[in-house]
Amino acid sequence: MATISDVATRAGVSTATVSRALNGKSTVDPALAERVLAAAAELGYRPNGPARNLRKQETAVLALIISDVENPFFTAIARGVEDVAHAAGYSVVLCNSDDEPDKEREYVDVALQERVAGVLLSPTGRGDSAELLSRNNTPVVAVDRPLPNSAGDTVLVDTRLAAKEATLHLVEQGYRRIACLTGPSGVLTADDRLAGYRDGLRAAKLPASAALVRRSEFKAPGAKQAARSLLTQDELPDAVLVANSMMAVGVLETCAELGLRPGRDIGVVAFDDAPWTTLLDPPLTVVAQPAYDMGVVAAQLLLDRISGEHTDMSTTTLSAHLVARGSSTRP
């Protein structure tokens, strides 16, 4: 199959000229455009339809860059974004950064190259992606985490307060040696949930212990390993607060392997109300975050900024709430 480079070589022009000619740009000399079209016809070249459409609809495409597409929390955010965008006549391109700054930067570069109308970003907290978008005057709204070292619209959840309330719930249920399994250091949501856990212990006048805290990636494999370290030490915790539903999978797997029954041998509370949490025996107590609403609010903010209706930088903070179930309620 002929490529754009083949057409450029046949016509004796650059690939950029080929691209402009095939897209009907008036800046291309008519004689050059005719050569390009003739070369494309001779070679049977067919432009990449989706890519061409993205370029032509540069004002009707949004990029959504999230940290983990497998996490139901981010899936719900994406649904909220897509619903608002579709209603407004915009398409959404979904990108998965895996919480890696280099991968996030690659997707930001692609968004800029494709001249998307705006970007919704769940920042890794590291790297210069936000600054790059700002320098290119591309509207951006941060979701779940603020933009590092950069002003911008942000939609957050008060997870520190939610973690405090979850910890106090465990205290009210009679748990006293409460552990916390959170995400990587330097990631704001992970740090906030740890801080909220400590706020809860302080409010309950319980001592904080480094032996009861573990960090891992926001995924099941790392959480499983961290939970094993936590649940095989000499003085076992009697409850654990887990920073998200993906990590909760790893924790529950470790509990099963060690013969620990949630709600009986150990109390468990996890952030995010994934669809499977009510199917467990006992059902999992969760901190339910308004993920869909976050996507809706963030998308509307971005569209308002694109249209010029919204000019002042804003931070919208939504509330989470505890859903108490059997995994944290003592018999």
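Residues numbered from 1 in each chain as written. Predicted model: local features only at pLDDT ≥ 70, side-chain atom pairs only at ≥ 80, totals over all residues. Heavy atoms only, no water.

Some details on the sheet that holds strand E12 (residues 321-323)
Picture the strands of a sheet paired through backbone hydrogen bonds; they go either parallel or antiparallel. Strand order in the open sheet formed by 6 strands is E7-E6-E8-E9-E10-E12, with mixed pairing between adjacent strands. This sheet does not close on itself; its edge strands, each paired only once, are strand E7 (213-215) and E12. This sheet shows a mean twist of 20° between the axes of neighbouring strands, independent of strand direction. By the bridge criterion, 4 bridges tie strand E6 (residues 178-182) to strand E8 (residues 239-242) in an arrangement that is parallel. Bridge pairing in E8 places Cys 180 opposite Leu 241. Contacts between helix H9 (residues 188-203) and the sheet are confined to E6, E7, E8 and strand E9 (267-271), with E6 contributing the most and set at about 170° to the helix. (Pairing = 2+ DSSP bridges. Helix = DSSP H or I, 4+ residues; strand = E, 2+ residues; numbered from the N terminus. Axes fitted to C-alpha atoms, helices over the stretch in contact; angles between N-to-C directions. Contact = heavy atoms within 4.5 Å.)

Thoughts on the environment of Cys 95
Relative to the elements of secondary structure, Cys 95 occurs in strand E2 (residues 91-96). Judged by relative accessible area, which is 8%, Cys 95 ranks as buried. C-alpha separation for the pair Cys 95 and Ala 111, spaced 16 residues apart in sequence, amounts to 9.8 Å. Dropping the residues within four chain positions of it, Cys 95 is found in contact with Leu 64, Ile 65, Ile 66 and Tyr 107. (Buried < 20%, exposed > 50% of the residue type's maximum accessible area, 1.4 Å probe, protein only.)

A look at the sheet that holds strand E11 (residues 315-318)
Read across the sheet, 6 strands follow the order E2-E1-E3-E4-E5-E11 without closing on themselves; strand pairing throughout is parallel. Where the open sheet ends on each side, the last strands, each with one partner, are E2 and E11. With strand direction ignored, the average angle separating the axes of adjacent strands in the sheet is 15°. Examined bridge by bridge, strand E1 (residues 61-66) and E2 share 6 bridges and lie parallel to one another. Across the sheet, residue Ala 63 finds its bridge partner in E2, namely Val 93. On the sheet, helix H5 (residues 72-87) packs against E1, E2, strand E3 (118-121) and strand E4 (140-143) and is oriented at approximately 170° with respect to E1.

What to know about the pattern of salt bridges
Using the criterion set out here, one finds 17 salt bridges in the structure. The partner of Asp 98 in a salt bridge is Lys 103, and the shortest N-O contact between them spans 2.9 Å. Using a relative accessible area of 27% as the deciding quantity, one classes Asp 98 as partly exposed. Asp 144 serves as the salt-bridge partner of Arg 145, at 3.8 Å between the closest nitrogen and oxygen. Using a relative accessible area of 4% as the deciding quantity, one classes Arg 145 as buried. Judged by relative accessible area, Asp 144 falls into the buried class, the value being 6%. When salt bridges with common partners are traced through the structure, they connect Lys 224, Arg 228, Glu 253 and Glu 257 into a single cluster. (Salt bridge = Lys/Arg side-chain N within 4 Å of Asp/Glu carboxyl O.)

Some thoughts on unusual backbone geometry
Backbone torsion omega between Asp 281 and Pro 282 reads 0°, so that peptide bond is classified as cis. Summarising the element assignment, Pro 282 is placed in the loop between E9 and strand E10 (285-288). Non-glycine residue Asp 98 carries a positive phi angle of around 55°. Summarising the element assignment, Asp 98 is placed in the loop between E2 and helix H6 (101-113). In this structure, Arg 115 is a non-glycine residue whose phi angle is positive, near 55°. For Arg 115, the location among the structural elements is in the loop between H6 and E3. Among the residues examined, Arg 115 registers a relative accessible area of 41% and is labelled partly exposed.

As far as function goes, none of this settles anything; it's purely spatial.
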